[in-house]
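Coordinate analysis (summary)
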Amino acid sequence: MKKNLIEVNNLEKYFEVSGGLFSRKKSIVKAVDNISFNIPLGESLGLVGQSGCGKTTTARALSLLDPKTAGEVKFYNNKTDSMESIDNLEGDELKEFRRNIQMIFQDPYESLNPRWTIKDIILEPLNIHNIGNLDDREEAVAEILKTVGLTPSENYLPRYPHELSGGQRQRVSIARTLIMKPKFVVCDEPTSMLDVSIRISIMDLMLKLAEDLEVSYLYITHDLAVARYMCNRIAVMFNGKIVELAETEELLSNPIHPYTKRLISSIPVPDPSYERIVYDINYDELDEIIAKHGAEEPMVDVGNKHFVATHDVKGLI
Amino acid sequence: MNENILSVKNLNMHYETISGNVSAVRNVSFDIKKGESFGLVGESGCGKTSVAMSLVQLQADNAVISEGSIKLDGKELIGLSESELRTVRWDGISIVFQGAMNAWNPVIKIGEQIREAIREHYPENTKAQNIEKITELFSMVGLDQNIMDRFPHELSGGMKQRAVIALALSCDPKLVIADEPTTALDVVIQDQILNEIKKVQDLLGLSLIYISHDIAVIAEMTTTMAVMYAGSIVEMGPTDEVFKNPKHAYTRLLLESTPSVVGDKKKLRSLDGEPPSLIGDIKGCTFSPRCPEPTDDCKNQTLEMKLIEISNGHFADICCVNCK
Amino acid sequence: MDNRNTKNEKNIRKEIRKASINKNWTLFKQSKLGVIGLGIVVFFAFLAILQPLLFLTGVWEESVYDPVVGYESEKVTLLVVKCPQEYPTEQYETKNDCPAKGEVNSVVIFNPSVKVGDYYETSLQPAPPSSKHILGTDSLGRDIFSQLMEGSQVAFILGLLSATVGVALSTILGSIAAFFGGRVDAYLMRQSDLVLMLPFLPLLFIISAFVELQVWHLAVVLGVLGGLGGSVITIKSAALQVKVKPFVDSARITGGSRMRILFSHILPNVAPLALLFMVFSVTGAIASESVLSFLGLLNIDMSWGLMIYLSQTDGYIFSGMKYWWLILPAGLSVTFLAGGFYLVGRGLDEVFNPRLRQR
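1. Section: the domain arrangement of chain C
Each assigned domain of chain C is listed with its residue range as follows: domain 1 (28-55 + 142-356) and domain 2 (75-123). Here the C-alpha centroids of domain 1 of chain C and domain 2 of chain C sit 53 Å apart.

2. A few points about the confidence of the model for chain C
Residue and element names in this part refer to chain C. Per-residue pLDDT for chain C averages 83, and the proportion of residues at 70 or more is 96%. Ranking the elements of chain C by mean pLDDT puts helix 1 (residues 2-30) last, at 75, and helix 9 (residues 246-254) first, at 92. Listed scores for the predicted complex are pTM 0.82 and ipTM 0.87.

3. Things to note about the packing of helix 6 (residues 166-178) of chain A against helix 7 (residues 196-213) of chain A
Packed helix pairs are specified by the crossing angle of their axes together with the interaxial distance, meaning the distance between the axes. Residue and element names in this part refer to chain A. The interhelical angle for the contact between helix 6 and helix 7, taken along N-to-C directions, is 15°, at an axis separation of 10 Å. Overall, the two elements helix 6 and helix 7 adopt an arrangement that is roughly parallel. Viewed along their axes, helix 6 and helix 7 form a crossing whose handedness is right-handed. Across the interface between the two elements, Gly 167, Gln 170, Ile 174 and Leu 178 from helix 6 touch Ile 198, Ile 202, Leu 205, Met 206, Leu 209 and Leu 213 from helix 7.

4. Describing the interface of chain B and chain A
On the side of chain A, 30 residues touch chain B, which itself brings 31 residues to the contact. Looking at the side of chain B that touches chain A, the elements with two or more residues in it are helix 6 (187-204), helix 7 (215-221), helix 8 (239-244) and helix 9 (249-256) of chain B. For the side of chain B that touches chain A, the element with the most residues is helix 7 of chain B, which contributes five residues. Split by residue class, the side of chain B that touches chain A holds 15 nonpolar, seven polar and nine charged.

5. A closer look at the nonpolar core
Ranked by size, the top nonpolar core spans 258 residues in total, and within it Leu 218 of chain A together with Ala 166 and Ile 177 of chain B carry the most contacts. Considering every element that reaches this core, the biggest residue donor is helix 10 (residues 258-294) of chain C, with 17 residues.

6. Details of the packing of helix 3 (residues 118-128) of chain A against helix 6 of chain A
Residues and elements named next belong to chain A. Between helix 3 and helix 6, the shortest axis-to-axis distance is 7 Å and the interhelical angle comes to 25°. With respect to their mutual orientation, helix 3 and helix 6 come out roughly parallel. Taken as a pair, helix 3 and helix 6 cross one another with a handedness that is right-handed. Residue-level contacts link Ile 118, Ile 121, Ile 122 and Pro 125 of helix 3 to Val 172, Ala 175 and Arg 176 of helix 6. Per-class residue counts for the contact of helix 3 with helix 6 are six nonpolar, no polar and one charged.

7. Some words on the sheet that holds strand 3 (residues 119-123) of chain C
Residues and elements named next belong to chain C. Taking strand neighbours across the sheet as the criterion, the three strands line up as 2-1-3 in an open arrangement whose pairing is mixed. Looking at which strands have only one partner, the edges of the open sheet turn out to be strand 2 (103-105) and strand 3. If you compare each strand with its neighbour and ignore which way they point, the axes differ by 50° on average. Sheet topology places strand 1 (residues 75-81) next to strand 2; three bridges connect them, and they run parallel. Residue pairing in the sheet places Val 80 in a bridge with Val 104 of strand 2.

8. Concerning helix 7 (residues 215-228) of chain C
Residue and element names in this part refer to chain C. Helix length check: helix 7, at 14 residues, gives a terminal C-alpha distance of 20 Å against a target of 20 Å (1.5 Å per residue), a fit within 8%. Every buried residue of helix 7 is listed here: Val 215, Leu 218, Ala 219, Leu 222, Gly 223, Leu 225, Gly 226, Gly 227 and Leu 228. In this structure, the buried side of helix 7 is in contact with helix 4 (144-180), helix 5 (182-197), helix 6 (200-210), helix 8 (230-243) and helix 10.

9. Observations concerning the sheet that holds strand 5 (residues 75-76) of chain B
All names here are of chain B. Across the sheet, four strands lie side by side as 2-1-4-5; this open sheet has antiparallel pairing. Of all strands in the sheet, those bounded by a partner on one side alone are strand 2 (20-33) and strand 5. Judged from the eight bridges that link them, strand 1 (residues 4-17) and strand 4 (residues 63-72) form a sheet pairing that is antiparallel. By the bridge assignment, His 14 is partnered in strand 4 with Val 64. Lying on the sheet, helix 1 (residues 48-55) is in contact with strand 1, strand 2 and strand 4; it crosses strand 2 at an angle near 70°.

What counts as what
- Residues numbered from 1 in each chain as written.
- Chains lettered and ligands numbered in written order.
- Predicted model: local features only at pLDDT ≥ 70, side-chain atom pairs only at ≥ 80, totals over all residues.
- Domains from an automatic or database assignment.
- pLDDT = per-residue confidence, 0-100.
- Helix = DSSP H or I, 4+ residues; strand = E, 2+ residues; numbered from the N terminus.
- Axes fitted to C-alpha atoms, helices over the stretch in contact; angles between N-to-C directions.
- Parallel < 35°, antiparallel > 145°, perpendicular 65-115°, else oblique.
- Left-handed = near helix turned anticlockwise from the far one by under 90°.
- Contact = placed C-beta atoms within 7 Å.
- Nonpolar A, V, L, I, M, F, W, Y, C, P; charged D, E, K, R; others polar.
- Core = buried A, V, L, I, M, F, W, Y, C linked by C-beta atoms within 7 Å.
- Buried ≥ 20, exposed ≤ 12 C-beta atoms within 10 Å, placed from the backbone.
- Pairing = 2+ DSSP bridges.
- Expected span 1.5 Å × (residues − 1).

Here is the structure:
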């Protein structure tokens, strides 16, 4: 039984929205509504969904960028060999957390400080956490640049972000993120703003680094095909909830939830001779599942490590 | 009887900037038959949007068309005055821009904005006639009639995009250019919109130019396609032919670097490096620095690039034809 | 190996810096207004430096050309005449024609030893431009050109000092307001509102009534008033835009402290806007000084505003073009230098704001 790196239970993030200038009533937007999942050590989970489904909010809550409203998030602490909650982390504990959890952002143009040189950008994590002395740090920076394919490093270190291409900038982001050898990296659509032909090289780089450094990814994307390439397991999100969670190939070959089926069948296929048939929404199969396995919240186990949400989605999809 | 709705020959366009002339469109030629859907695929900076803008003569102020001819149903567009162009635009050829959802004026109702376009071309129409026409267009794209009275911010992204398509069709154009019309939309909505476009095209007998960086969309939406790289067309032909039998190294890489959700999980190829700078003189094959298997001919800077026909209607760049 | 790498790196860094400066200069040159503005500013800077140089090299004698205590009297020789009672006569058409140019009415001279028909030597102040004093002299015999150069020095010192103080203040306050939000933000915004509400010049008058204002004092006062006003709000909104950028999130996730993020990430990105403000506020500072001096509220030895003030108190301001050298040079200098800084600001805007560029 593999150890879990992260355990998320009943995570919730609600926003209060005022009803208008004169209205006292505040309505609640449930951006993330009772989701649960685990990520075993060394594995990657894809969080797939369309815009507004709550995947980015989940990512921000997990990395403590924004506070969560409710729920339990536990991380594996290898020093104590136990799962520890992220609530109320302070001081050294918080710093330890910040060493092990990192995030790669979507926009290569906005995720690097335009006034800093590449060298400073990659040095920053080492400076914040006081790793080694100055020589050690500079050596580490040169090393990681080589690893992400930006060589010779002298060509890149003194430059500013605007002098690099989108693909090169994402490599710098990856370098900065992985220089601390974190255990967990949240990737918020890191390739969606890059050219198609460059995406694969960035994704291959991330896969290789995951293997070499034993990093787990939470890979957030709207593109199921990309999630397939990057992740062992995929969770499909809709309307703040996870509707289906399974191993990648199992999910693609045997989708159960009507939303997942609709999603998969809507994706255009790069083959002119392929006859793509869009799934016609039908809630029967879901009702059968509930009848067979029960309706426990939030998701029910249908066997083969495949989970399906049972809440009512009639009329929403 | 002219079979081609659009005939582009040797189109050359460059932008004048402080760093020099950037050749955005280099020797582009293609023909589109009536009723055909023609796909233009390529990555950012390849020139596909520049081509689209040239076709409707809406290019930027510092863009200069140095050479070439664009004939819409036999009529030459380059060199027309602004007033002559206004009659052609929207009426002969219309365009759905990239990010067109945001092209709506936020303080004017949708219906009124479409009526404005119709009034330009059909000033004799009564208001009732225009409303009827818009209702018809809306039903074609799957929009309810009362959308006409809404403001842009009241509509979702998908609805705004459908309205944009209705706007593009409002003056009965013969040719519609769709420049990445579904980029910002969710996959499920994208699928619906693509279906609407196909339906409308069949219904009205439209000719369509579909521009995208997504090769899967091109596969599903077009019958003929052209692949662009660094401002010129590197391969062109019937869509199934190009997919089945890609000749140019760039086309092959594009096809092999696109992950898919169907079929077995494939090992994908990647492309390193950057597209070339388009400033100044450009000689020889622009793709050779990134080509995985360049021959000596390819690296030859003095090679004159031109498209060679491989089989019926299928063209590719000369160096790749001679390659394997 | 390490040494070679760092040397390479330093070389590349130098190259990049050079290239970047060249590029910014090319961009700035594109804006004709900016280049004109820069030319004007350089011209006045040259004037400011020129004066001490002329004294040091001995081209000008201090006793004659010092703008405050110099004195040169232009002597002029006049014929003493007696003006007739009735007009017209052979020589004069109307009463106003006597005395004519080069003549002086005997009635005016309080010297019994001078008789009609004699030549009377007297000093002529203010003297019009001559080969010795290229812009003439004022009523106290002081060289106008020298005064102009002195005023240029004052304008630069005042302008740049007040601009620096103001911009430093508004940048820090604006960034703090954006970063900390909540009550800090609310307080700073109300403070800005208050300062904006206060009428600027009357406030300066009141201050000058309590405190004897010299150039340095005025610079600081102008800086503080400018810095606490509307620019705080603008800088705050710029800082807010920076605050929500992914690279700030990235710094937070990496574990950066709030102070580090404020000073290392937010401030540097707000700096270009602040620099722009600085250049524009020099304009206001120069204009304010000239107004205050003109109203006689400044304790200052010499400035352009003071030159105009003096010409007014001496009664020459409504003399039309007769004593133009007392008013025009100073007035035009204020206009041109203030305008020049503004134009430089416009040119800089082209450099900093890529969207304005003409491609």
